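Examination of the molecular architecture
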Amino acid sequence: MKDQKVITIILPEGEPNGLKIIELAGWVGKVLIVPRVKIAKLFERPETQQSGIYFLFGESDDPNEKPPAYIGESGKVRTRIQQQADDKDYWDIAVVFAGGLSGGDAQYLEKRCFDMAKKADRYNMKNSVKPPGDILD
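These remarks concern the structure in this document. Just so it is clear, the structure is predicted and the values come from calculations on it, not from any experiment. Numbering of residues begins from 1 in every chain and follows the order in which that chain's sequence is written. Per-residue local features are limited, in this predicted model, to residues with pLDDT of at least 70; the limit for side-chain atom pairs, both in listing and counting, is 80 or more; totals at the level of whole chains, interfaces and linings are taken over all residues. Note: side-chain values were computed over all heavy atoms of the structure, leaving out hydrogens and water.

1. Focus on helix H2 (residues 77-87)
As a reminder of what qualifies: Burial classification: accessible surface area is computed with a 1.4 Å probe over protein chains only, and a residue below 20% of its type maximum counts as buried, one above 50% as exposed, and the rest as partly exposed. A run of DSSP states H or I qualifies as a helix once it reaches four residues; a run of E qualifies as a strand once it reaches two. Both are numbered from the N-terminal end. Arc definition: directions from the helix axis to the C-beta atoms. When checking whether two residues touch, look at their non-hydrogen atoms; a contact exists if any pair is within 4.5 Å.
Those residues of H2 not exposed but buried are Val 77, Ile 81, Gln 84 and Ala 85. All buried residues of H2 lie within an arc of 100° about the axis, which places them on one face of the element. Seen from the buried face of H2, the exposed residues on the opposite side, beyond 90 degrees, are Asp 86 and Asp 87. Buried residues along H2 sit against helix H1 (39-43), strand E4 (52-57), strand E5 (68-74) and strand E6 (93-98).

2. With respect to the pattern of salt bridges
Formally: By salt bridge we mean one thing: a side-chain nitrogen of Lys or Arg within 4 Å of a carboxyl oxygen of Asp or Glu.
Under the defined criterion, the tally for this structure stands at seven salt bridges. Glu 23 is the partner of Lys 30 in a salt bridge, and the nearest nitrogen-oxygen pair spans 3.6 Å. One salt bridge connects Glu 47 with Lys 30, and the closest N-O pair in it is separated by 3.5 Å. Here Lys 30 lies in strand E3 (residues 30-35) and Glu 47 lies in the loop between H1 and E4, a separation of 17 residues in the sequence. Look at Glu 47 and you get buried, because its relative accessible area is 7%. By relative accessible area, Lys 30 is classed as buried at 16%.

3. As for the packing of aromatic side chains
Here is the rule we go by: Pairing of aromatic rings covers Phe, Tyr and Trp, the last through its six-membered ring, and needs centres within 6.5 Å; plane angles under 30 degrees mean stacked, over 60 mean edge-to-face, and all others mean tilted.
Taken as a whole and assessed by the stated rule, the structure comprises four aromatic pairs. Measuring from centroid to centroid gives 6.1 Å for Phe 55 and Phe 57, while their planes differ by 5°, and the two rings are stacked. The exposure class of Phe 57 is partly exposed, given its relative accessible area of 23%. With a centroid separation of 6.0 Å and 70° between ring planes, the pair formed by Phe 55 and Phe 97 is classed as edge-to-face. Here Phe 97 lies in strand E6 and Phe 55 lies in strand E4, a separation of 42 residues in the sequence. Its relative accessible area of 13% is what places Phe 55 among the buried residues. Given a relative accessible area of 29%, Phe 97 falls into the partly exposed group.

4. Quick word on the nonpolar core
As a reminder, the rule being used: Take the buried residues of types Ala, Val, Leu, Ile, Met, Phe, Trp, Tyr and Cys, join any two whose side-chain atoms come within 4.5 Å, and each joined set is a nonpolar core.
One finds Ile 39, Leu 42, Tyr 54, Ile 81, Trp 91 and Val 96 to be the most contacted residues of the largest nonpolar core, which totals 18 residues. At the level of secondary structure, the elements contributing two or more residues to this core comprise E3, H1, E4, H2 and E6. When residues no more than four places from it in sequence are discounted, the contact partners of Val 96 are Lys 30, Val 31, Leu 32, Leu 42, Ile 53, Tyr 54, Val 77 and Ile 81. Membership of the second largest hydrophobic core comes to 11 residues, among which are Val 31, Ile 53, Ala 69 and Leu 101.

The following block contains the structure:
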């Protein structure tokens, strides 16, 4: 089939609750998923020294409240996520798309993902500043 894609999931620690590295055949970037308690493992990855977009997800203690989330981008994802780890306590999982993205790509994706998240209205978005720019649908 011509539309098939191959996705590889790597568990560097050998456990599903640790760092996950997801690769899509034909794309040089990677998706990295890590629980906050294992954030040091994320920082060991060279992709986090590059431009990327990241999502931080938490859980709400109140079933009537939406869970918290944050969407960000950075020219050096590791530095920005480290700041978030030091300053914000509402998140438990980080999802990072890095490698193969220019700074402009990351900024576009941040804006696009933020707008889509706001429209879906499933999360309590913790971004204090709306990403700049206009996206045409």
